[in-house]
Amino acid sequence: MATYERKDYNYRVYDFKSVGQSAEAYRQSNRLLSTDIVKRPIGIKTPIALSYGNSGLLEMHFELPNQIRDNFRNLLMTNHGERIGLYDYGANLKSLAFELGQSDFDEMAIIRIKSAVSKYMPFITLDTFEPFNKKEETSQELACVGVKVQYGVPSARMINQQIEVIIWAAG
Amino acid sequence: MAKKLVNKSYLAKDFISLRADLLNYAKTYFSEQIQDFSEPSMGGLLLDMAAYVGDTMSFYLDYQFKELNPNTAIEVNNVVNHAKNAGVPIVGASPAVANITFSMEVPAKQKENGSYEPNPEMMPTLKALNTVVIASNGVSFTLDEDLNFAEVNDDGILLAKYALLTNTNTGAPATYIVERDARCLSGKTVRETFNIDNVAVPFRKITISNPDVSNIVSVTDTENNEYYEVESLTQNVVYKRIKNFDPNKDTVGYNFEIMPAPFRFVKDVNFNTRLTTIQFGSGDSTALDDDVLPDPSELALPLYGKKVFTRFSIDPNALIKTKTLGISPKNTSIAIQYRYGGGLNHNVPASTITTVDKVNIQFPQAATFTNPASIINSLSVTNKVEAAGGAPPLTIADLRTQIGSARNQQSRIVTQQDLLSRIYTMPNNFGRVVRAGLRKDERNPLATQLFILSQDINSKLTFAPDALKMNLSKYLNEFRLISDAIDILDGIIINYGIEFTVIVHPNSNKSLVVANAISNLKNISKLKYFQIDQPLVESDIINTLITTPGVLSLVSLAVVNYSGGRGGRIYSDYSLDISKNKFKGFYIGPPGSIFELKYANTDIVGNAE
């Protein structure tokens, strides 16, 4: 580092042009650059599970599509009043399960999903909605209905994504 | 280890701002571990939960802070506690007061001068508490104090009104209808007994079974000890009223006595249930260690193992306190007589209290009866005016309103306003001071001269009787600062008259204009507008005269002093040349004086030109 002393003042002046890196810092930066892109954790994976890998205490998502899918699934499966602090969070589909078999079930479900997505995940583009029955899991006492949603996230270059949720209902 | 400094903000209070702060914090310090804090993500969920906890704590912090202020407190118990701290008494529904006329038929008796009057030996006394009348809506009214039909004034004249009812065959009066008014309070008076076991329980509490207790008449135990109600258990004396038999008993019905009250209790009313609980002291009368009455000499500090002692603080009330704070009863039976009930429906209309429910009559010992039952059966009652004062229980809003004013209350006389308030609020049974004035004593810087005046039966100012001064002295002595001296003196009554001449408009009736002018002067000269040491303002008189319709101008005006006897009227003996005591339009009397237009009908003389 070059320095020179001014005669008229009693202090030093440093020249930025001569500022470099220490040898250790140089080695560290080279090592990082030389490896593949390090994927940083994006969010906590649900259901929550302890991690035994390299993602820290909990299992984490490292891919954006997975994180969005996870969030979307949670949005679809959450009902109003279940999220603390955000009463209207969720697609609120469970209450529709009691109206299973009614003609306007599909219409109501579509409206609710679209409303929830437009508020909490507006970056998702909803493509198709497909209700289905899982007869093998339907008993006399407890019925269930499935909802299959096809979606995309243009900003993340995700297209033709599909997600299924099952809604259990009293028969 | 040095404390790690973290950039924290304490400005956030609500959910949104707390979440925003937490999000900023997480992104700053944990961006390497987690990036997604959007609402649908688990990270967002954790932020929401933390913000929710903060929001809840913030809410309750605000809530608790608001509960500290009686004006913003919401919880009933907190408002009630504020009220108690401020000295606001918690009461239930209030009873109504009715002025009830009791009348009965009494045999006539011929006096020595040959005239007739109701036979005083046949006129009974109605005993308080045991004489109950009922209104048409079923509300009971109880006689508040004994009512003696035979009571006479200082001149020996019956206080009761009477009128001839029947004559004998010879035409002589046979019976009279005699009536007296008495104050009755609504509500029922009952007696409730509580058995107390043989265990010393400090500060024992007893809850009375009926709500809205308006008055605890008496609390006695089987040993005939009477327990007195006090404001706090540290008060160890009470005032007791003693019937005044002096000639001035018309003005001062009772005299004060201050008596120790080792048997005492305080009462507390539950705001929600309106039930009254009385609490006794902690002392055991059978224990030798407990002083029922305090011995000040025992307060000396022991100097164990020391040769010096420092300045120490002391509560002056300690001198009148005992360790016991009153006796706690045990192994006895407590009888509580009390009156309960009240409300708006107790304000019954006039002439609706007509039924005698029960009556306790005591005839004079000298009575010789031929048919006492006829006298008793002839008793009838009515209320000429409606009952008033009944009120529903206090609401929370009522309590809040009263707390502010109650904070100014104190039980010591410090300022002149304190002293005047104490004088005017002394119970009327001990004599009534209608005017009181204060002046500094020029000879004694620690003394205050207190001038007082009373009213006679005709509502004219008169000197306060000595018994009233004695009562006032005992009463004030309990509240005054020990270094203060109060000289209770008679006020000076200056009776005056007004003489005026006015020019009346030619189109007006002179007599009528003068009559109106005199009437207007009467109005401004009423006693209620005058206080001790208040000057008489000439401009007020002039203004009243010239603003009377029909008066064109004021020719002459004179304010004159009347004293002694004058035309059969008796004035104050104090003589003052009022015209010589005029200063810048004010007629100023001597210290402690008050101007009184005693006979308004004759003391204002007007002429018209």
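Nothing here was measured: the structure is a model prediction, and the numbers come from that model. (Residues numbered from 1 in each chain as written. Chains lettered and ligands numbered in written order. Predicted model: local features only at pLDDT ≥ 70, side-chain atom pairs only at ≥ 80, totals over all residues. Heavy atoms only, no water.)

1. Some points on the overall build of chain B
Along its length, chain B carries 10 helices and 33 strands. Expressed as a percentage of its 609 residues, the buried residues of chain B come to 39%. Within chain B, residue pairs in contact and separated by at least 24 positions form 71% of the contacts whose partners lie at least 6 positions apart. Of the roughly 33,900 Å² of accessible surface on chain B, 53% is carried by carbon and sulfur atoms. (Helix = DSSP H or I, 4+ residues; strand = E, 2+ residues; numbered from the N terminus. Buried < 20%, exposed > 50% of the residue type's maximum accessible area, 1.4 Å probe, protein only. Contact = heavy atoms within 4.5 Å. Areas by Shrake-Rupley, 256 points an atom, 1.4 Å probe, with all protein chains shown as cover.)

2. Quick notes on the overall build of chain A
Along chain A, the regular secondary structure elements total four helices and seven strands. Moving toward the C terminus, one meets the helices and strands of chain A in the order β-β-α-β-β-α-α-α-β-β-β. Burial status across chain A gives 31% buried among its 171 residues. Summing over all exposed atoms, chain A offers an accessible surface of approximately 11,600 Å²; the carbon and sulfur share of this is 54%.

3. Observations concerning the sheet that holds strand E6 (residues 147-148) of chain B
Residues and elements named next belong to chain B. One open sheet holds the three strands; their spatial order is E6-E3-E19, and the pairing between them is antiparallel. Looking along the sheet, the strands with just one partner apiece sit at the ends: E6 and strand E19 (361-362). As judged from the two bridges shared by strand E3 (residues 125-126) and E19, these two strands associate in the antiparallel manner. When the sheet's bridge partners are listed, Leu 126 is paired in E19 with Ile 361. (Pairing = 2+ DSSP bridges.)

4. Details of a nonpolar patch on the surface
Residue and element names in this part refer to chain A. Where nonpolar side chains cluster on the molecular surface, the patch consists of Leu 50, Tyr 52 and Leu 57 and spans about 430 Å² of accessible area. Relative to the helices and strands, Tyr 52 resides in the loop between strand E3 (43-44) and strand E4 (60-61). Judged by its relative accessible area of 76%, Tyr 52 falls in the exposed class. (Patch = residues over 30% accessible without salt bridge, like charges linked within 9 Å, V, L, I, M, F, W, Y side chains within 5 Å. Salt bridge = Lys/Arg side-chain N within 4 Å of Asp/Glu carboxyl O.)

5. Focus: the sheet that holds strand E30 (residues 582-583) of chain B
Residues and elements named next belong to chain B. Taken in spatial order, the three strands of this open sheet run E26-E31-E30, and their pairing is antiparallel. This sheet does not close on itself; its edge strands, each paired only once, are strand E26 (536-537) and E30. Pairing of E30 with strand E31 (residues 586-587) involves two bridges; the strand directions are antiparallel. Counted as the bridge partner of Phe 583 is Phe 586 from E31.

6. Looking at the packing of helix H8 (residues 510-524) of chain B against helix H9 (residues 538-546) of chain B
Residue and element names in this part refer to chain B. Where H8 contacts H9, the axes come no closer than 9 Å and their chain directions differ by 145°. With respect to the hand of their crossing, H8 and H9 are arranged in right-handed fashion. Along its contact with H8, which presents Ala 517, Asn 520, Leu 521 and Ile 524, the element H9 presents Asp 540, Ile 541, Thr 544 and Leu 545. When grouped by side-chain class, the residues that make up the contact of H8 with H9 number five nonpolar, two polar and one charged. (Axes fitted to C-alpha atoms, helices over the stretch in contact; angles between N-to-C directions. Left-handed = near helix turned anticlockwise from the far one by under 90°. Nonpolar A, V, L, I, M, F, W, Y, C, P; charged D, E, K, R; others polar.)

7. Details of the nonpolar core
Residues and elements named next belong to chain B. With 33 residues, the main nonpolar core has Tyr 496, Ile 498, Phe 500, Leu 536, Ile 541, Ile 578 and Phe 595 as its most contacted residues. Mapped by element, the contributors of at least two residues to this core are strand E22 (447-455), strand E25 (492-504), H8, H9, strand E27 (551-561) and strand E32 (593-596). Leave out the neighbours within four places in its chain, and Phe 500 touches Val 514, Ala 517, Ile 518, Leu 521, Leu 545, Leu 554, Ser 556, Leu 557, Ile 604, Val 605, Gly 606 and Asn 607. Counting 32 residues, the second largest nonpolar core, distinct from the first, contains Ala 135, Phe 149, Tyr 176 and Ala 387. (Core = buried A, V, L, I, M, F, W, Y, C linked by side-chain atoms within 4.5 Å.)

8. Overview of the interface of chain A and chain B
Facing 18 residues of chain A, the contacting portion of chain B comprises 18 residues. Summed over both sides, the interface of chain A with chain B buries roughly 1,600 Å², with 60% coming from carbon and sulfur. Across the contact surface, chain A and chain B share two salt bridges. Close ionic contact of Glu32(B) with Arg40(A) constitutes a salt bridge, the shortest N to O distance being 3.1 Å. One can count 10 residue pairs in polar contact (both at pLDDT 80 or more) joining chain A with chain B. Sort the elements by how many residues they give to the side of chain A that touches chain B and helix H2 (residues 64-77) of chain A lands first, with three residues. (Buried area = accessible area lost by both parts, 1.4 Å probe. Polar contact = N/O pair within 3.5 Å; in protein donor to acceptor, adjacent residues only side chain to side chain.)

9. Quick look at the packing of helix H6 (residues 416-424) of chain B against helix H7 (residues 466-477) of chain B
All names here are of chain B. Here H6 crosses H7 at 130°, and the two axes come no closer than 10 Å. It follows that H6 is oblique to H7 by the angle criterion. Taken as a pair, H6 and H7 cross one another with a handedness that is right-handed. Between H6, through Leu 419, Arg 422 and Ile 423, and H7, the contact on the second element is made entirely by Leu 472, Tyr 475 and Leu 476. Of the residues belonging to the contact of H6 with H7, the class tally is five nonpolar, no polar and one charged. (Parallel < 35°, antiparallel > 145°, perpendicular 65-115°, else oblique.)

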